[in-house]
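# Structural description and commentary
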Amino acid sequence: MVDDPARSTALNAQRRTTELEALADGDALDVIVIGGGITGVGIALDAASRGLRTALVEKRDLAFGTSRWSSKLVHGGLRYLASGNIGIARRSAVERGILMSRNAPHLVHAMPQLVPLLPSMNRASRALVRAGFLAGDALRVLAGTSSSTLPRSRRISAGRVAEMAPTVQRDGLAGGLLNYDGQLIDDARLVTAVARTAAQHGARILTYVAASEATATSVRLTDQRSGQSFDVSAGAVINAAGVWAGDIDPGLKLRPSRGTHLVFDAGTFGNPTAALTIPIPGELNRFVFAMPEQLGRIYLGLTDEDAPGPIPDVPEPSEAEVAFLLDTVNTALGTKVAATDVIGSYAGLRPLIDTGAGRTADVSRDHAIFESPTGVISVVGGKLTEYRYMAEDVLNRAVALRALRAAPCRTRNLPLVGAPANPGPAAGPGRGIPDSLVARYGAESATVVASATCERPTDPVADGIDVTRAEFEYAVTHEGALEAGDILDRRTRIGLVLRDRERAVAVAEEFLAGVV
C-alpha cells in the first residue's frame, strides 16, 4: 500500500502554482528530473517513494513526446529473443508481468495477436512464428506471469480466425496462430497515472516548465506560462528528456528513428477482437499490427525509419510509410483497405543511441546512462515496457554518484493510482459508470464521476464519442491539464481524428475557463 492514502494525487493549476513558488523560494531538493515522459515520471516515482525530495519539470505536457506515440503494447520481449538479446527479452517479460499483476492491472490487459496462416506464408515461416510463440510462453513462465493473466499461445481454426478478424483473406486460409501480449488502454494514461502516483508520494510534478543551464547540482527553470525564471539546487539532476536529451546535454549522440501508425474506424476491419499480426516480408522478427483500440478504432503500425535532422514537436508520417503499412496489411486481407479509409495518423521518434551505420531497426533498444562533463546524469534509449527498471537503474546510479540517502527501490510492488490496491478516495459504489470510463480509470472511475461538479457528468463530450464530460473535468482538476490539447490529445485520444477533435474542442475549452 502507499505511505499516505490521504495525500492528494490531484495535479492541477493551483497545486502547480503553489509548488513552483515553493521551488522559487528555495525549497530543498534531493533530485530534479527533466522530462515528463514515461521514463521521467518513472524516475520521479522511484525517487519520491524512496523518501527523496523530488521535483519533475516538463517544458510542455506530460507524455507530450514519444511516450504518447507508441503501439500501446507492453511487449514480453519476443522480438529481442528472436534477435538473440536474451537479457532484454527476459527483462521485458518480467516488467510486463509486474505491470499486469501489480503496478497497473487496470491499464494493461492481455491482447490476442493473430497470425493468419495464408498461402503467402511458407512452411518454414509458419514454423518460425510458432517456435517464437512457444519461446514467448517459456518467457512468460520464466517471468512468473500466470496463464490466467496471459493465456498460452495456440493454433486455431480458419473459422475462428474469421470470427476474430472478419476481413481476413479466406482463400487458402489454413487457420491461425494465436499469441497473447500486454496491451495498454493508452500509453499517455500510464504516464499520467505514474505522475500522479509520484505526486501521491510527495513529488512535485511541474508541466510547462523548461530546464536549461543544467549542472550536477543545479538547473535554471523557466515557467512557460508566466515567463518567470529562477535557479534551483538539488543533490542530483537527471536528464530524461528522450529525443530532446541533447538539448540538456549536447554531448549525447542520439539517432532517432520514426515509428508511424495509421488510425481507422474499427468497422473498416469488421470490428476485430484480436490484433491482426502480419509478418513483414523478408524480415525474421518484425510484424505489422492492426490493433483494436479504445474509441472504436484500429491502430495500424509500425514502421522503423531513420529520422535525421532537427527534432519536431510533433513528427509526421511520410507518404512512403503510409504506403508500406497499407501494402503490408493488405497482403492478409480479403477486404482491402485504402488511403481513403485512414481517419488519422501519428508518428513518434525513438530516442535510440547512435551506434553508427546500419538500419535503425537493428539498433539495440537497451538503455544507457551517461554522466556529462557538467555532472548531469542522462538516461537514453530503452523501451516503454522497461520504464520501471530503467528508473530503478538510473536512481541507483544517482544515489551512488551523489551519495544520496535513499531507501531501497519499492516500485516492483507499488500500485499506481487506479489499481485495485490504490483506488484513491472512496466515492461510493459507482453504479452506472460507463465501461469505457472504467477501462481508463480502473478503481478510480467512481471518483471521476462523484467528484464532478459539471452538469450531465456522464454525458459524452460529443455524439458517438465514449468520453464523458466528467473525464474532461477530471483532466483539469486531477490530471494536470492546462490547455485544450492536454485534454484532447493526451488525457484522451479524441484528437487523433481531426473531425472528432473539432467537435469536442469547445467542451474542453469550457472546462479550462478560468485556469491560469
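Treat the numbers as computed from the prediction; the structure is a model and nothing was measured. Numbering of residues begins from 1 in every chain and follows the order in which that chain's sequence is written. The predicted nature of this model means local features are confined to residues of pLDDT at least 70 and side-chain atom pairs, given and counted, to a pLDDT of 80 or more, with totals for whole chains, interfaces and linings taken over all residues. Calculated side-chain values reflect all of the structure's heavy atoms, with hydrogen atoms and water omitted.

Before going further, it helps to spend a moment on empty space enclosed by the protein. Of the two site types, the cavity is a set of points on a 1 Å grid over the protein atoms alone where a 1.4 Å probe fits but cannot get out, and the pocket is an open set with protein on both sides within 12 Å along at least five of seven lines, each lined by residues with an atom within 4 Å of a point. Grid points are joined across faces, edges and corners, and a volume is the space filled by probe spheres set on the points. Overall, the coordinates contain six cavities of 30 Å³ or more when judged by the stated rule. Its volume calculated, the largest cavity comes out at about 110 Å³. Lining the largest cavity are 13 residues, and of these Arg 96, Gly 136, Asp 137, Asn 179 and Tyr 180 sit closest to its centre. Each helix corresponds to a stretch of at least 4 residues labelled H or I by DSSP, and each strand to a stretch of at least 2 residues labelled E; elements are numbered beginning at the N terminus. Per element, the largest residue contribution to the lining of the largest cavity is four residues, and it comes from helix H5 (residues 123–143). For this classification, Asp, Glu, Lys and Arg are treated as charged, while Ala, Val, Leu, Ile, Met, Phe, Trp, Tyr, Cys and Pro are nonpolar and the rest, including Gly, are polar. Its residues assigned to classes, the lining of the largest cavity comprises five nonpolar, four polar and four charged. Put simply, the second largest cavity is a space of about 80 Å³. In terms of lining, the second largest cavity is formed by Leu 11, Asn 12, Ala 13, Arg 15, Arg 16, Glu 19, Ile 205, Thr 207, Gly 480 and Leu 482. Elements supplying a minimum of two residues to the lining of the second largest cavity: helix H1 (13–24) and strand S7 (204–207). It is H1 that provides the largest number of residues to the lining of the second largest cavity, a total of four residues. Split into classes, the residues belonging to the lining of the second largest cavity amount to four nonpolar, three polar and three charged.

When two helices pack together, their arrangement is given by the angle between the helix axes and by the axis-to-axis distance. With their axes 8 Å apart at the nearest point, helix H2 (residues 38–49) and helix H10 (residues 387–402) run at an angle of 60° to one another. One way to sum up the angle between H2 and H10 is to call them oblique. Judged by the twist between their axes, the crossing of H2 over H10 is right-handed. Across the interface between the two elements, Ile 38, Thr 39, Gly 42, Ile 43, Asp 46 and Ala 47 of H2 pack against Tyr 387, Met 390, Ala 391, Glu 392, Val 394 and Leu 395 of H10. A fitted line through C-alpha atoms represents every axis, and for helices the fit uses only the stretch in contact; the resulting angles, taken between N-to-C directions, go from 0 to 180 degrees. Oblique is the label for any angle not covered by the other classes, which are roughly parallel (under 35 degrees), roughly antiparallel (over 145) and roughly perpendicular (65 to 115). In a left-handed crossing the near helix is turned counterclockwise from the far helix by less than a right angle, and in a right-handed crossing that turn is clockwise. Contacts are assigned to residue pairs with any non-hydrogen atoms lying within 4.5 Å of each other.

This brings us to the sheet that holds strand S10 (residues 229–233). Read from one edge of the open sheet, three strands run S8-S9-S10, paired in antiparallel fashion. Of all strands in the sheet, those bounded by a partner on one side alone are strand S8 (209–212) and S10. Neighbour-to-neighbour, the strand axes of the sheet open up by a mean angle of 35°, direction not taken into account. Any two strands with at least two DSSP bridges between them are considered paired.

Now for the sheet that holds strand S19 (residues 377–381). One key point about sheets: their strands pair by backbone hydrogen bonds, in either a parallel or an antiparallel sense. Strand order in this open sheet of six strands is S7-S2-S1-S11-S19-S18, and the pairing throughout is mixed. Edge positions in the sheet fall to S7 and strand S18 (367–371), since each has one partner strand and no second. Taking the axes of each pair of neighbouring strands and ignoring which way they run, one obtains an average angle of 20° across the sheet. Across five bridges, S18 lies against S19 in antiparallel orientation. The residue of S19 that forms the bridge with Ala 368 is Val 380. In this fold H1 packs onto strand S2 (54–58) and S7, with an angle of close to 105° to the strand it touches most, S7. Sitting on the sheet, H10 is in contact with strand S11 (236–239), S18 and S19, with an inclination near 20° to S18.

Only buried residues count toward a nonpolar core, which is a set of Ala, Val, Leu, Ile, Met, Phe, Trp, Tyr and Cys residues joined through side-chain atoms within 4.5 Å. Relative accessible area decides the class of each residue, using a 1.4 Å probe on protein chains only: under 20% of the type maximum gives buried, over 50% gives exposed, and in between gives partly exposed. Membership of the largest hydrophobic core comes to 78 residues, with the highest contact counts inside it found for Ile 43, Leu 190 and Ile 205. Top element by residues in this core is helix H7 (residues 187–200). It accounts for eight residues. These domain limits were set by an automatic method or by a database of domain assignments. Each of domain 1 (5–67 + 188–252 + 363–413) and domain 2 (104–185 + 254–360) contributes no fewer than three residues to this core. Those residues in contact with Leu 190, other than ones at most four positions away along the chain, are Ile 38, Leu 99, Ala 104, Leu 107, Leu 184, Leu 384, Tyr 387 and Leu 416.

Quick look at the domain arrangement of the protein chain now. By domain assignment, the protein chain separates into domain 1 (5–67 + 188–252 + 363–413), domain 2 (104–185 + 254–360) and domain 3 (435–512). Each of domain 2 and domain 3 has a C-alpha centre, and the two are 28 Å apart. The partner domain 3 presents 13 residues to the 12 residues of domain 2 that form the contact. Summed over both sides, the interface of domain 2 with domain 3 buries roughly 1000 Å², with 57% coming from carbon and sulfur. Simply put, the buried area is the total loss of 1.4 Å probe accessible area from both parts when two parts are fitted together. If you sort the residues of domain 2 by the area they bury against domain 3, Leu 295, Arg 297 and Ile 343 come out on top, with a joint share of 47%. Just to be clear on terms, a salt bridge is a Lys or Arg side-chain nitrogen sitting within 4 Å of an Asp or Glu carboxyl oxygen. Where domain 2 packs against domain 3, one counts one salt bridge. For this analysis, a polar contact is any N or O atom pair within 3.5 Å, provided that within protein one partner can donate a hydrogen and the other can accept it, and provided that sequence-adjacent residues contribute only side-chain to side-chain pairs. Between the two partners, domain 2 and domain 3, sit three residue pairs in polar contact (both at pLDDT 80 or more). Looking at the side of domain 2 that touches domain 3, the elements that each hand over two or more residues are strand S15 (297–301) and strand S17 (344–350). Top element by residues in the side of domain 2 that touches domain 3 is S17. It accounts for three residues. Of the residues contributing to the side of domain 2 that touches domain 3, the split by class is seven nonpolar, four polar and one charged.

Another aspect to go through is the layout of surface pockets. Reported here for the second largest pocket is a volume of approximately 400 Å³. Elements that contribute at least two residues to the lining of the second largest pocket include exactly H5 and strand S13 (275–279).

Our next topic: the side chain of Asn 422. With respect to the helices and strands, Asn 422 occurs in the loop between H10 and helix H11 (435–441). Accessibility expressed as a relative area gives 4% for Asn 422, which makes it buried. Reaching out from Asn 422, the side chain makes a polar contact with the side chain of Gln 200 at a distance of 2.9 Å.

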